[in-house]
Amino acid sequence: MAANFPLFRAAPSSTKPVRIRKFNPTTRFPPLYAKRHPVLRGLSTIACASSNGKEPDSVDDGVKSVERLLEQKRLAELSARIASGDFTVSQSGFPSVLKESLLKLGVPNAVLEFLFGWVNNHGDCPRIPEAKGSISAIRNEAFFIPLYELYLRYGGIFRLNFGPKSFLIVSDPSISKHILKENSKAYSKGILAEILEFVMGKGLIPADGEIWRVRRRAIVPSLHQKYVAAMINLFGQATDRLCKKLDVAASDGEDVEMESLFSRLTLDIIGKAVFNYDFDSLTNDTGIVEAVYTVLREAEDRSVAPIPFWEIPIWKDISPRQKKVSAALKLINDILDDLIAICKRMVDEEELQFHEEYVNEQDPSILHFLLASGDDVSSKQLRDDLMTMLIAGHETSAAVLTWTFYLLSKEPRVMSKLQEEVDSVLGDRFPRIEDMKKLKYATRVINESLRLYPQPPVLIRRSLVDDVLGKYPIKRGEDIFISVWNLHRSPKLWDEADMFKPERWPLDGPNPNETNQNFSYLPFGGGPRKCVGDLFASYEIVVALAMLVRRLNFQMALGAPPVEMTTGATIHTTAGLKMTVTRRVKPPIIPALEMPTLTMDAPISLSKGDNTSLDQKSEVSSAHS
Ligand code: HEM
């Protein structure tokens with residue numbers, strides 16, 4: 001069913017058709033997640049089959065056309081389900097009963113449509129379009145996919161009923177702006193806060209009200225310009241470690257699973273950046289690294305679980321999995337407590353005066369800034385905030401890198417242009433802060449990757465008071481999903497919405513964001529709860545992307561499993577991103593010297609047996625000879 005969606009139907013020439021595949025929990029993050037996945041097991045997801053970096057041949061074409069046919073079939077099935085009212089709530093209530101009775105009595109339908117249309121338009125409460133479904137209808141795929149098809153049918157706001165549960169699905173820029181910005185105080189994080197409580201407590205992402213206000217005011221200043229500039233070195237060093245690892249794979253001719261490597265790269269970065277801890281996960285699988293992934297997986301699984309199994313009273317105590325999660329949390333919390341204590345001692349001993357752009361060069365972490373600023377907060381709250389940033393800044397950046405490399409593997413033209421820019425801006429040195437503005441095309445590649453694969457694909461809110469969304473009044477307590485996926489792929493908002501086209505963002509234009517795109521583009525959210533790490537993450541990804549593509553070529557590995565989507569908090573692949581890496585053979589760098597130009601009058605023969613001749617005056621720079 002998932003593959004029936006039009007966003008994949010009109011796939012770009014370089015993108016193969018999508019397929020539904022069973023989620024294979026044993027192949028994702030192989031060393032760490034070889035355990036069976038109880039919730040996601042059996043989920044089937046959208047597949048974007050890989051090209052293996054080759055030009056299509058006739059076998060590929062055959063496979064493609066079979067896949068296309070299958071996809072058309074699935075599309076037809078889904079459209080039929082929608083048309084047959086599978087997702088449509090039948091109108092009950094007095095007006096529709098009356099209408100049906102009058103119809104049975106022989107009153108012409110046209111007359112009834114006119115009369116009841118008038119009544120509906122003059123009632124005081126327009127009703128939000130409703131779709132209904134059973135959990136089983138979406139259990140088999142990344143949940144944001146069916147929401148896209150329903151959006152095309154029901155529009156920018158509709159209600160989705162699942163048995164007793166009801167959600168408002170918003171895919172309209174102005175309603176999104178109203179919820180996220182104009183009336184943001186009327187909305188909380190709702191279900192998200194409930195799901196993440198076990199790991200983030202009252203950290204910045206789940207917190208609401210006064211706690212959120214106080215913590216946001218404390219944390220935002222820590223990510224100042226000078227801190228982000230200091231981080232560029234850290235991004236460079238961590239990426240260099242990854243490059244070296246990939247060099248070995250390139251020499252040995254071994255394929256690499258890039259999704260897990262990106263996850264490790266961004267874990268190493270965020271550990272140092274937030275609390276000065278070197279996970280060194282690119283090299284080691286230590287207990288702490290495994291503990292972090294255990295907790296992360298649990299958070300993601302809870303966010304897609306149909307029932308809150310973790311709330312069942314004795315479950316926590318007897319379920320081996322829940323025991324493992326508790327042990328992992330304890331290990332991480334103990335380490336965080338130690339790091340907080342060490343950092344407190346450092347701050348007590350240092351002479352440095354605190355100021356707005358304070359950075360301790362030995363330890364430029366956010367934790368150090370917070371403690372030096374005299375942030376008067378309990379250790380538990382501090383731990384919650386650190387944990388929140390660890391999670392918020394880890395999988396998001398890893399997912400962006402994963403999908404960017406996937407998209408680039410489909411578009412060699414974009415890759416060459418990117419490599420050309422990186423060569424000319426960076427040469428062979430490490431990136432510096434001033435390069436960030438010059439790597440314009442790299443930034444556009446990332447802007448476009450974030451449009452096609454927003455992380456997270458939906459934003460979650462709950463109304464705290466009655467409100468009006470568009471023309472529809474809503475009650476307090478409504479659970480709302482703002483589908484960034486739908487906004488970013490809407491054919492009403494974007495030309496060739498499914499195409500990967502970094503050129504849609506002019507190089508000399510402003511960096512696209514929610515404000516200049518009027519809330520049709522929300523890569524980092526919007527309003528007061530916008531991501532605090534947007535600049536950090538953008539630079540982190542630019543540095544990693546630039547250093548990797550400068551050094552290596554990346555192609556989908558031959559025989560790699562198809563790249564398919566599944567979701568937790570971010571969009572993952574189901575079976576990893578398996579790629580072949582090869583060392584780049586760069587064109588020789590030709591020094592741009594001002595040299596005299598030789599003018600030749602006579603035609604010259606280029607080489608023996610070559611009958612081409614320059615029969616007109618030719619200009620040859622002596623630097624080429
Ligand atoms: C490409 C990487 C990233 C993406 C795509 C991303 C995306 C987002 C989005 C969409 C939100 C808004 C959530 C909502 O409104 O419900 C958000 C919030 C947040 N992000 Fe990021 N993020 C990224 C990296 C980071 C990093 C590196 C950090 C930390 C250094 C971070 C820290 C946070 C925090 C603390 C919040 C909550 C802000 C609040 O509620 O006040 N993020 N992020």
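To be clear, the structure that these remarks concern was listed above.
All of the points below concern the structure found in this document. Predicted model only: the values in this text are computed from it and were never measured.

Remarks on the overall build of the protein chain
Stage number 1. When its secondary structure is counted, the protein chain shows 22 helices and 17 strands.
Stage number 2. Across the 625 residues that make up the protein chain, the buried fraction comes to 52%.
Stage number 3. Considering only contacts within the protein chain whose residues lie at least 6 apart along the sequence, 75% involve residues at least 24 apart.
Stage number 4. Surface summary for the protein chain: the accessible area is close to 29200 Å², and the carbon and sulfur share equals 56%.

Thoughts on the coordination of the iron atom of the ligand
Tetrahedral coordination by four donors puts the ideal angle at the metal at 109.5 degrees, and octahedral coordination by six puts it at 90 or 180 degrees.
Stage number 1. For the iron atom of the ligand, the protein contributes exactly one donor atom, Cys531 (SG), at 2.3 Å.
Stage number 2. Take cysteine 531: it is sitting in the loop between α21 (484-489) and α22 (534-551).

As for the packing of aromatic side chains
Stage number 1. Enumeration according to the criterion identifies 21 aromatic pairs in this entry.
Stage number 2. Centroid distance phenylalanine 262 to phenylalanine 405: 5.1 Å. Interplanar angle 45°. Geometry classified as tilted. Here phenylalanine 262 is found in helix α11 (residues 258-275), whereas its partner phenylalanine 405 is found in helix α17 (residues 395-410), with 143 residues between them in sequence. The residues phenylalanine 262 and phenylalanine 405 share a single accessibility class, namely buried.

What to know about the site of the ligand
Stage number 1. Around the ligand, a shell composed of 26 residues is seen, among which Trp212, Arg216, Arg461, Arg529 and Cys531 lie nearest.
Stage number 2. Contact between the ligand and leucine 204: an oxygen atom at 3.4 Å from a main-chain N or O atom of the residue.
Stage number 3. Within the side chain of arginine 529, an N or O atom sits 3.0 Å from an oxygen atom of the ligand.
Stage number 4. For the shell around the ligand, the secondary-structure elements that each account for two or more residues are α9 (209-219), α17, β8 (458-463) and α22.
Stage number 5. Counted by class, the shell around the ligand contains 15 nonpolar, 6 polar and 5 charged residues.

Some points on the packing of helix α12 (residues 287-304) against helix α14 (residues 320-349)
Geometry of a packed helix pair, given as the angle between the helix axes and the separation of the axes.
Stage number 1. At a minimum axis distance of 9 Å, the contact between α12 and α14 shows a crossing angle of 125°. The angle between the axes of α12 and α14 places the two elements in the oblique class. Of the two possible hands of crossing, α12 and α14 adopt the one that is left-handed. Taken together, the residues of α14 that come into contact with α12 (itself represented by Gly287, Ile288, Glu290, Ala291, Val292, Thr294, Val295, Glu298, Asp301 and Arg302) are Arg321, Gln322, Lys324, Val325, Ala328, Leu329, Leu331, Ile332 and Ile335.
Stage number 2. Its residues assigned to classes, the contact of α12 with α14 shows 10 nonpolar, 3 polar and 6 charged.

Looking at the side chain of glutamine 381
Stage number 1. With respect to the helices and strands, glutamine 381 occurs in helix α16 (residues 379-392).
Stage number 2. Residue classification places glutamine 381 among the buried residues on the basis of a relative accessible area of 11%.
Stage number 3. Dropping the residues within four chain positions of it, glutamine 381 is found in contact with Lys202, Gly203, Ile211 and Arg215.

Quick notes on the packing of α11 against α22
Stage number 1. α22 packs onto α11 with a crossing angle of 135° between their chain directions and a minimal axis gap of 12 Å. Considering their axes alone, α11 and α22 lie oblique with respect to each other. You can see that α11 and α22 cross each other, and the crossing is right-handed. Residues Phe262, Leu265, Thr266, Ile269, Ile270 and Ala273 of α11 touch α22, and the partners they reach there are Phe536, Glu540, Ala544 and Leu548.
Stage number 2. Here the contact of α11 with α22 is composed, by residue class, of 8 nonpolar, 1 polar and 1 charged.

Examining the pairing of strand β5 (residues 165-170)
Stage number 1. Relative to β5, strand β4 (residues 157-162) runs antiparallel, the two sharing 6 bridges. Bridge pairing in β5 links isoleucine 157 to valine 170.
Stage number 2. Linking β4 back to β5 in an antiparallel pair, the connection comprises 2 residues, with glycine 163 at a positive phi of about 50°.
Stage number 3. The sheet contact formed by β5 and strand β11 (residues 479-483) spans 4 bridges and is parallel. Bridge assignment links valine 170 to a residue of β11, and that residue is isoleucine 482.

Focus on empty space enclosed by the protein
Over the atoms rolls a probe the size of a water molecule, and in doing so it shows where empty space is left.
Stage number 1. Summed over all chains, the structure comprises 3 cavities of 30 Å³ or more.
Stage number 2. Reported here for the second largest cavity is a volume of approximately 40 Å³.
Stage number 3. At the level of secondary structure, the elements contributing two or more residues to the lining of the second largest cavity comprise α11, α17 and β14 (571-573).
Stage number 4. Broken down by element, the residue count for the lining of the second largest cavity peaks at 4 residues, all from α17.
Stage number 5. Considering only residue class, the lining of the second largest cavity consists of 4 nonpolar, 4 polar and 2 charged.

Quick look at the sheet that holds strand β7 (residues 256-257)
Stage number 1. Taken together, 3 strands build an open sheet; the order of strands is β7-β15-β12 and the sheet is antiparallel. For this open sheet the edge positions go to β7 and β12 (552-556), each flanked by a neighbour on one side alone.
Stage number 2. Pairing between β7 and strand β15 (residues 578-583): 2 bridges, direction antiparallel. Residue pairing for β15: glutamate 257 is matched across the bridge by lysine 578.

Some words on the nonpolar core
Stage number 1. The biggest cluster of nonpolar side chains holds 137 residues, and the ones touching the most others in it are Phe405, Leu418 and Phe554.
Stage number 2. Take this core: its biggest share by element is 12 residues, from helix α10 (residues 225-252).
Stage number 3. Here leucine 418 is in contact with Leu408, Tyr441, Ala442, Val445, Leu545 and Val549, once residues within four sequence places are set aside.
Stage number 4. Membership of the second largest hydrophobic core comes to 19 residues, among which are Val170, Ile175, Leu459 and Tyr472.

With respect to the environment of tyrosine 151
Stage number 1. Structurally, the position occupied by tyrosine 151 is in helix α6 (residues 144-154).
Stage number 2. Given the relative accessible area of 3%, tyrosine 151 is considered buried.
Stage number 3. Taking C-alpha positions, tyrosine 151 is 9.8 Å from leucine 487, a pair spaced 336 residues apart along the chain.
Stage number 4. Those residues in contact with tyrosine 151 that lie beyond four places of it in its chain are Gly156, Phe158, Ser171, Asn486, Ser490 and Lys492.

Overview of the side chain of serine 463
Stage number 1. Take serine 463: it is sitting in strand β8.
Stage number 2. Serine 463 sits in the buried class, given a relative accessible area of 2%.
Stage number 3. One polar contact links the side chain of serine 463 to the main-chain carbonyl oxygen of lysine 475, over a distance of 2.9 Å.
Stage number 4. When near neighbours in sequence (up to four residues on either side) are disregarded, serine 463 contacts Ala186, Tyr187, Ile474, Lys475, Arg476, Gly477 and Glu478.

Quick word on unusual backbone geometry
When glycine is set aside, most residues are seen to have a negative phi, and most peptide bonds are trans.
Stage number 1. In this structure, the amide linkage connecting glutamine 455 to the following residue, proline 456, adopts the cis form with an omega of 0°.
Stage number 2. Position of proline 456 among the secondary structure elements: in the loop between α20 (440-452) and β8.
Stage number 3. One non-glycine residue, glutamate 496, adopts positive backbone phi at about 45°.
Stage number 4. With respect to the helices, strands and loops of the structure, glutamate 496 is situated in the loop between α21 and α22.
Stage number 5. Take glutamate 496: its relative accessible area is 47%, and that puts it in the partly exposed class.

Conventions adopted
- Residues numbered from 1 in each chain as written.
- Predicted model: local features only at pLDDT ≥ 70, side-chain atom pairs only at ≥ 80, totals over all residues.
- Heavy atoms only, no water.
- Helix = DSSP H or I, 4+ residues; strand = E, 2+ residues; numbered from the N terminus.
- Buried < 20%, exposed > 50% of the residue type's maximum accessible area, 1.4 Å probe, protein only.
- Contact = heavy atoms within 4.5 Å.
- Areas by Shrake-Rupley, 256 points an atom, 1.4 Å probe, with all protein chains shown as cover.
- Donors = N, O, S within 2.8 Å, 3.2 Å for Na, K, Ca; no water.
- Phe/Tyr/Trp six-rings, centres within 6.5 Å; stacked < 30°, edge-to-face > 60°.
- Near = heavy atom within 4 Å.
- Polar contact = N/O pair within 3.5 Å; in protein donor to acceptor, adjacent residues only side chain to side chain.
- Nonpolar A, V, L, I, M, F, W, Y, C, P; charged D, E, K, R; others polar.
- Axes fitted to C-alpha atoms, helices over the stretch in contact; angles between N-to-C directions.
- Parallel < 35°, antiparallel > 145°, perpendicular 65-115°, else oblique.
- Left-handed = near helix turned anticlockwise from the far one by under 90°.
- Pairing = 2+ DSSP bridges.
- 1 Å grid on protein atoms, 1.4 Å probe; cavity = no way out; pocket = protein on both sides within 12 Å on 5 of 7 lines; lining within 4 Å.
- Points joined across faces, edges and corners; volume = space filled by probe spheres on them.
- Core = buried A, V, L, I, M, F, W, Y, C linked by side-chain atoms within 4.5 Å.

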